[in-house]
Amino acid sequence: MKFRKILPFIGILIFAYLIFRIGLDKILGSILSANIYLLILALLFSFIALIPPIIKWMVVLRSQNIMLNFWTLFRIDFMGIFYGSITPGRVGTFIRAYYLRDKIKKPLGACISSVVVDKMLDLLAMGVFAVIGSILLLNKISGLFTAVFIAFILLFGTFIFFLNKKRSTFILKRVWKIFIPQKFKKIALETFNSFYGNLPKIKTIFVPFLIALISLVFAFTTVYIVAKAFSINIPYIYIITIWSLATIVSLIPITIAGLGTREAVLITLFSVFNVAATDIVAMSIVAYIISHVIPDILGWFFAIRWKYED
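Residues numbered from 1 in each chain as written. Predicted model: local features only at pLDDT ≥ 70, side-chain atom pairs only at ≥ 80, totals over all residues. Heavy atoms only, no water.

Enquirer: Help me get a handle on the layout of surface pockets, residues and values and all.
Expert: Taken as a whole, the largest pocket holds about 1,100 Å³ of empty space. Along the wall of the largest pocket there are 40 residues; nearest its centre are Arg 90, Lys 119, Asp 122, Met 126 and His 292. When contributions to the lining of the largest pocket are tallied by element, the ones reaching two or more residues are α4 (36–49), α5 (51–63), α6 (70–85), α8 (108–136), α12 (206–229), α13 (236–250) and α15 (277–306). With seven residues, the top contributor of residues to the lining of the largest pocket is α8. Considering only enclosed or pocket space, the second largest pocket measures out at about 330 Å³ in volume. Within the residue set of the lining of the second largest pocket, elements represented by two or more residues are α8, α9 (144–162) and α11 (182–197). Considering every element that reaches the lining of the second largest pocket, the biggest residue donor is α8, with five residues. (1 Å grid on protein atoms, 1.4 Å probe; cavity = no way out; pocket = protein on both sides within 12 Å on 5 of 7 lines; lining within 4 Å. Points joined across faces, edges and corners; volume = space filled by probe spheres on them. Helix = DSSP H or I, 4+ residues; strand = E, 2+ residues; numbered from the N terminus.)

Dropping the structure here:
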């Protein structure tokens, strides 16, 4: 079996190991002892947290002169969440471009551009929180700020680099020659041109970036409430930092839905606050269920019904 075939299961193996090492009975006991009222509050907050990302994507689309109503984008976004949850590195979220093409009848490249910008803004916003938090953790975790700052600069530099068509053409022409078969080169070129022909201007993405920051505040607040439900009494800003880093690592395509990699990072970083691994894993599982399971179910429902729409 080739290595790439088992790559997505590495995180799941890590998750299984953590469950075995800690003890399933202890994790279940921690979940059952959590404050149910705070968990209900977290669930309510998680619904609120689903709205800003859709507004952000709507603003990005309108900068491209693509006008779609909130309900349409709501369904497409939730379908992206569903497919993202069942694919390594959440790459399934990019399926939104195909559903978007169904509605606006534009080339795929034009649809992909809005999704790429939308996801990059999310990553940059998460990177901002991670950098700020890593500064506050300087005295607790040596080397964390340097690693986070370098990663953020690389991410930001990549984003700025690929916003420029000339620079990207220089790189991608070489990629086409090596990796893309001759019969697909024409399609790839058309997609490339439509992608950059519809890419938002840099000045138009400032507002969506602010919305991305606000969106993360809602998402992190949900996690913070869940942490409090498990009596994890850590300052809010540290929760933001640790969850940001764990989320970024969970995007590495070696697992499904971030399982394993997220918990491993959380255990490592929360250990400086002397939080028990049992409570960390229990909190992570519950936070994921609250934030993702309901959107996943809705996304699946919208996906199976999409083909019946006009």
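Enquirer: Explain unusual backbone geometry to me, and be specific about the residues and the numbers.
Expert: For Lys 105, which is not glycine, the phi torsion reads 55° and is therefore positive. Assignment of secondary structure puts Lys 105 in the loop between α7 (96–104) and α8. A relative accessible area of 68% places Lys 105 in the exposed class. The phi dihedral of Asn 274 is positive, around 60°, even though this residue is not glycine. Looking at where Asn 274 falls in the secondary structure, it is placed in the loop between α14 (261–270) and α15. (Buried < 20%, exposed > 50% of the residue type's maximum accessible area, 1.4 Å probe, protein only.)

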